[in-house]
Amino acid sequence: MDVRSRLAANMKALRKERGWSQEALAGEAGLDRTYISGIERQVKNPTITVVERVAKALNCRLGDLLD
């Protein structure tokens, strides 16, 4: 599994664990819902800064998203 696939799967799993919609995660991370959707569908290639914002919103480590 490549890094984009791991990011997408881990992000979606952590989001769902919290019972959040894509819109809720987007709001917490200060991103657009369509961008969150694009990351989860692997059509967007986020910068490390965006991944950090998502990690902070999900209250997890960067590694939790990328491992």
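Small disclaimer: the values here were computed from a predicted structure and weren't measured.

## Some details on the overall build of the protein chain
For the protein chain, the count of helices and strands is five helices and zero strands. Secondary structure elements in the protein chain, listed N-terminal to C-terminal, are α-α-α-α-α. In terms of overall size, the protein chain behaves like a compact globule, its C-alpha atoms giving a radius of gyration of 10 Å where 67 residues would be expected to give roughly 11 Å. With respect to the three principal axes, the spread of C-alpha positions in the protein chain is 25 × 20 × 20 Å. Residues classed as buried in the protein chain amount to 40% of the 67 residues present. The contacts in the protein chain between residues at least 6 apart in sequence include a share of 55% that link residues at least 24 apart. Within the structure as shown, the protein chain displays about 4,000 Å² of accessible surface, and the carbon and sulfur contribution to it stands at 46%. Within the protein chain, one finds 12 positive and 9 negative side-chain charges whose respective centroids are separated by 4 Å.

## Section: helix α1 (residues 3-17)
Taking 1.5 Å of rise per residue, the 15 residues of α1 would be expected to cover 21 Å, and the 21 Å separating its terminal C-alpha atoms lies within 8% of that figure. In this fold, the buried residues of α1 make contact with α2 (22-29), α3 (33-40), α4 (48-58) and α5 (62-66). Residue G19 follows α1 closely and has a positive phi angle near 75°.

## Some details on unusual backbone geometry
A positive phi is found at Q42, a non-glycine position, where the angle reads about 65°. Looking at the secondary structure, you find Q42 in the loop between α3 and α4.

## Comments concerning the environment of A24
Relative to the elements of secondary structure, A24 occurs in helix α2. Sequence separation between A24 and A57 is 33 residues, and the spatial gap between their C-alpha atoms is 9.7 Å.

Reading the values: rules and limits
- Residues numbered from 1 in each chain as written.
- Predicted model: local features only at pLDDT ≥ 70, side-chain atom pairs only at ≥ 80, totals over all residues.
- Heavy atoms only, no water.
- Helix = DSSP H or I, 4+ residues; strand = E, 2+ residues; numbered from the N terminus.
- Rg over C-alpha atoms; globule rule 2.2 N^0.38 Å.
- Buried < 20%, exposed > 50% of the residue type's maximum accessible area, 1.4 Å probe, protein only.
- Contact = heavy atoms within 4.5 Å.
- Areas by Shrake-Rupley, 256 points an atom, 1.4 Å probe, with all protein chains shown as cover.
- Lys, Arg positive; Asp, Glu negative; His and termini not counted.
- Charge placed at Lys NZ, Arg CZ, Asp CG, Glu CD.
- Expected span 1.5 Å × (residues − 1).

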